[in-house]
Amino acid sequence: MLEGLKARLDQLLRESGRSDPRAYAAGLREAVLEARLGIAAMGDALTATDRELEVERTQLAAAERRGRLAAAVPDVETVQIAERYALRHRERVGVLERKLVVQRDELALAERELTEMTAEARRATAGNPSESIAAAWRDLETAGGSRPDEDQRMQAEADRQQRERAIEAQLAYLKKKMGR
């Protein structure tokens, strides 16, 4: 999981210089979401390994107890079988303990990388607002739209102000009518 995430992030970083900043930021956000899901899966795997280790430790204790009981009763064959099972469980406990350490280290590494990716995503989205606005206008023009000229913008602003004044007048009338 971690390797795939690193490869995706590397690809995003390589393409960041030649692609649209908004596409880069969107890619980073997507990578952050994938990383969060991956970290949750890693946490689940860590919990499962921890449970498996506890079961194995219980089985080791049972095998050792059986070996002691068999030694108390002079039964050589049962003692040998109990020792074999105890050895098998002891080895399995050792493997699971090492696996748990590796999973914890990997989870810590993934969490650090997620923190870095989140910070990078915030920086990418925070960028210069005028760049974002210019990119949005380029997208609109590409889709067949056009930018309003200065006269159209001034007319739209005047219309907006006129609507706001009408709303305020209506509100004042209603307040007066209700006696407030």
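Just above sits the structure.
In this text the structure is predicted, and so the values were computed from the model without any measurement.

## Here we look at the overall build of the chain
Item 1. If you tally the helices and strands in the chain, you get five helices and zero strands.
Item 2. When the helices and strands of the chain are placed in sequence order, the string is α-α-α-α-α.
Item 3. Every one of the 180 residues in the chain was classed for burial, and the buried ones make up 23%.
Item 4. For the chain, contacts bridging at least 24 residues in sequence account for 74% of all contacts bridging at least 6.
Item 5. Only carbon and sulfur atoms are counted for the fraction: they give 55% of the accessible area of the chain, which is about 13,200 Å².

## Side note on the pattern of salt bridges
Item 1. Scanning all chains against the criterion turns up seven salt bridges.
Item 2. Two residues, Arg 92 and Glu 52, come together in a salt bridge whose shortest N-O distance is 2.3 Å. Within this pair, whereas Arg 92 is found in helix H3 (residues 76–126), its partner Glu 52 is found in helix H2 (residues 21–72), the two being separated by 40 residues in sequence.
Item 3. Residue classification places Glu 52 among the partly exposed positions, given a relative accessible area of 30%.

## Regarding the nonpolar core
Item 1. Counting 20 residues, the largest nonpolar core has Val 32, Ile 39, Leu 53, Leu 107, Leu 114 and Met 117 as its most contacted members.
Item 2. Those elements that provide at least two residues to this core are H2 and H3.
Item 3. Examining the composition of this core, we find that 11 residues originate from one element, H2, more than from any other.
Item 4. When residues no more than four places from it in sequence are discounted, the contact partners of Leu 53 are Val 93, Leu 96, Glu 97 and Leu 100.

## Some thoughts on the side chain of Thr 49
Item 1. Within the secondary structure, Thr 49 sits in helix H2.
Item 2. Given the relative accessible area of 3%, Thr 49 is considered buried.
Item 3. Here the side chain of Thr 49 touches Gln 103 through a polar contact of 2.8 Å, side chain to side chain.
Item 4. Look past the residues within four positions of Thr 49 in its chain and what remains in contact with it is Leu 96, Lys 99, Leu 100 and Gln 103.

Cut-offs used in this document
- Residues numbered from 1 in each chain as written.
- Predicted model: local features only at pLDDT ≥ 70, side-chain atom pairs only at ≥ 80, totals over all residues.
- Heavy atoms only, no water.
- Helix = DSSP H or I, 4+ residues; strand = E, 2+ residues; numbered from the N terminus.
- Buried < 20%, exposed > 50% of the residue type's maximum accessible area, 1.4 Å probe, protein only.
- Contact = heavy atoms within 4.5 Å.
- Areas by Shrake-Rupley, 256 points an atom, 1.4 Å probe, with all protein chains shown as cover.
- Salt bridge = Lys/Arg side-chain N within 4 Å of Asp/Glu carboxyl O.
- Core = buried A, V, L, I, M, F, W, Y, C linked by side-chain atoms within 4.5 Å.
- Polar contact = N/O pair within 3.5 Å; in protein donor to acceptor, adjacent residues only side chain to side chain.

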